[in-house]
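# Results of the structural survey
Residue-level listing of the chains:
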Amino acid sequence: MERYDQLYRLFDEFDTGQLRAYQDFVDLFPPVDSRVALEHWQNASEELAEGKDEIREAFPATGETFADIAATATREQAFTALDLLTKYDRAVNALVLDVDETLRSAGRTDNEIPRDTLHLLTEFHEAGMPIVVCTGQTLENVKGFLIQGLGNELVHSGDVSVVYEAGTGVFTPGHGGDTKQLLYDDLDPEIQAVFDAVRSRVLSAAPEDLRRGCHLQGNEFNVTLKPNFETGSPRAREVIDDALVYMLDLLGDAVLEEVAEDAENAGAWARAYYAAQDPEIRTVLEQEGETVDTDPEDVPGAVAAVFDRIDVAYYEADAAEIGSLELNKVAGVEAAFDVLGIDDPFCVVMGDSKSDLRVMEWVAENDYGLAAAPEHASRDVLEHVMSTDELVFDPGDATDVLATIYALNRLARLES
């Protein structure tokens, strides 16, 4: 209880809120050519140093750590960090981070990663923490905004890995022949042929309204249709719902061709199978009036065996996607950990969707760390996070959990 008592004293006796304000200003103040502004920055730096010195003097054995925590974490974040340390007795040694609607939010951060989040990621990197960015986006998109936000030197430091297209590939600069791993190259030819067939027809065979209303994302392997309208808008929702139904039928045709089965309506088997697997897909089919009478148990074994290996993902008003269940984010994270040399992981996984949930469940099953999610995450993700450590944060405020992990690691260093 001594450590808890020290934290109570820290937050009761010192103006930690003002200290955090000074720290934020010093860290995040943009460079400007203004004498008045620079004087203000200098004054804040001096006030920050004096406040930290007071804490160092008050806590002779732990002052440096407590001063750092007080300037970074809120009272709630610090106590959550200590609770996690008491529960797990470990520091976090890797970050696994989804991007869209996790690190950034279209509605709350104008689809930009906030500066305070980028700054904390830089702090983790400088402390030697490997960072795995785990996203459904293409590699080029991810590289672009990471370099813009974190800098080319950090991204190419050898401690940053990108799991892209939800696990079809892994990019870890600075690791020679292991820098880029094309995980989809290891799939069976049968599965690769199905994806080739879907990709070659997905736009050319689409109805005109759908072809005009969406575009094919430039993936290396996954087949993803994105709306030509603002993400989240009614028109985007309408076109993605249509795209989901169309892609199910297209997938059914491609699988039947590969396994040499005949059917008048191949899409009926795909619709029945995936509706039974995913409540969100079933809801879309019902709303579109596109449900079928086919029983999923009636899908031929050879067809079902291929469906079992292929994922159909629906992201409301954002995307309809076909991917490989053998190439999910878990496979990508495992490959990234291997290249980064993380053989005893205790990571924090932050995400909002079904693909992130798979990583969270893998982490929980193997005692590999913690899970965190924004409060607008999918229901299943929130249920998992609330059933573990309740690390839920406001949309666009990933800094909340990152600051907690920062405090956890600082406290863990004291115990070690």
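These numbers were taken from a predicted model, which means no experiment stands behind them.

Each helix and strand in the chain was counted, giving 18 helices and twelve strands. Against the compact-globule benchmark of 22 Å for 416 residues, the chain has a radius of gyration of 24 Å, which places it among compact chains. For the chain, the spread of C-alpha atoms along the principal axes amounts to about 80 × 45 × 45 Å. For the chain, the proportion of its 416 residues judged to be buried stands at 54%. Just so you have it, the chain exposes about 18800 Å², and 43% of that area is on carbon and sulfur atoms.

What follows concerns helix α16 (residues 354-365). Across its twelve residues, α16 extends 16 Å between first and last C-alpha, which sits within 8% of the 16 Å expected from 1.5 Å per residue. Within the span of α16, buried status applies to S355, D356, L357, V359, M360, W362 and V363.

In this section: the sheet that holds strand β3 (residues 160-164). The eight strands are arranged β5-β4-β3-β2-β1-β10-β11-β12 in an open sheet whose pairing can be described as mixed. Each having just a single partner strand, β5 (180-182) and β12 (391-393) make up the two edges of the open sheet. The mean inter-strand angle of the sheet, taken between neighbouring strand axes irrespective of direction, is 15°. Here three bridges tie strand β1 (residues 94-97) to strand β2 (residues 131-134), and the two strands are oriented parallel to one another. Its bridge partner being in β2, L97 is matched across the sheet by V133. Sheet strands touched by helix α7 (residues 139-150): β2, β3, β4 (169-171) and β5. Its angle to β3, the strand with the most contacts, is close to 145°.

This paragraph deals with the nonpolar core. Grouped together as the largest cluster of nonpolar side chains are 75 residues, with contacts concentrated most on V96, L251, Y274, F307, I310, I322 and F337. At 14 residues, the largest contribution of residues to this core is made by helix α11 (residues 234-259). Filtering out sequence-adjacent residues up to four positions away, I322 remains in contact with F195, V198, N222, V223, M247, L251, I310, D311 and V312. Judged by nonpolar contacts, the second largest core, of 65 residues, contains L120, F171, V348 and L391.

Turning our attention to the sheet that holds strand β8 (residues 310-315). Reading across from one edge, β6-β7-β9-β8 is the order of the four strands in this open sheet, with antiparallel pairing throughout. Lying at the two open borders of the sheet, with one neighbouring strand each, are β6 (214-216) and β8. For this sheet, the mean inter-axis angle between neighbouring strands, taken without regard to orientation, is 20°. Strand direction decides the pairing type here: strand β7 (residues 223-227) and strand β9 (residues 319-324), joined by three bridges, are antiparallel. Of the residues in β9, the one forming a bridge with V223 is I322.

The next point concerns the pairing of β9. β9 sits mainly inside the fold: six of its six residues count as buried. Residues A319, E321 and G323 line one face of β9 and the alternating positions A320, I322 and S324 line the opposite face, and both faces are buried. Where β8 meets β9, six bridges bridge the pair, whose relative direction is antiparallel. If you follow A313 over to β9, its bridge partner there is E321. Between β8 and β9, which pair antiparallel and follow one another directly, the connecting turn spans three residues, one of which, A317, has a positive phi of 60°.

In total, this model carries 15 aromatic pairs according to the counting rule given. Aromatic side chains Y8 and F79 sit 4.6 Å apart centroid to centroid with 45° between the ring planes, which places their arrangement in the tilted category. Of the two residues, Y8 is situated in helix α1 (residues 2-13) and F79 in helix α5 (residues 75-88); the sequence distance between them amounts to 71 residues. With a relative accessible area of 39%, Y8 lands in the partly exposed category. On the basis of relative accessible area, F79 is assigned to the buried category, the value being 12%. Grouped by ring-pair contacts, the aromatic residues Y4, Y8, F11 and F79 constitute a single cluster. Its guanidinium or amino end placed over the ring of F145, R104 lies 4.5 Å from that ring's centre, counting from NZ or CZ.

Any two side chains of opposite charge can pair, given that their charged atoms come close. By the definition in use, this model includes 29 salt bridges. A salt bridge links E326 to R309; the shortest N-O distance between them is 2.8 Å. A residue pair is termed long-range when its members are at least 10 positions apart, and E326 in the loop between β9 and α15 (329-340) and R309 in the loop between α14 (301-307) and β8 qualify at 17 residues. The class of E326 is partly exposed, set by a relative accessible area of 37%.

Thresholds applied
Residues numbered from 1 in each chain as written. Predicted model: local features only at pLDDT ≥ 70, side-chain atom pairs only at ≥ 80, totals over all residues. Heavy atoms only, no water. Helix = DSSP H or I, 4+ residues; strand = E, 2+ residues; numbered from the N terminus. Rg over C-alpha atoms; globule rule 2.2 N^0.38 Å. Buried < 20%, exposed > 50% of the residue type's maximum accessible area, 1.4 Å probe, protein only. Areas by Shrake-Rupley, 256 points an atom, 1.4 Å probe, with all protein chains shown as cover. Expected span 1.5 Å × (residues − 1). Pairing = 2+ DSSP bridges. Axes fitted to C-alpha atoms, helices over the stretch in contact; angles between N-to-C directions. Contact = heavy atoms within 4.5 Å. Core = buried A, V, L, I, M, F, W, Y, C linked by side-chain atoms within 4.5 Å. Phe/Tyr/Trp six-rings, centres within 6.5 Å; stacked < 30°, edge-to-face > 60°. Lys NZ or Arg CZ within 6 Å of the ring centre and 35° of its normal. Salt bridge = Lys/Arg side-chain N within 4 Å of Asp/Glu carboxyl O.

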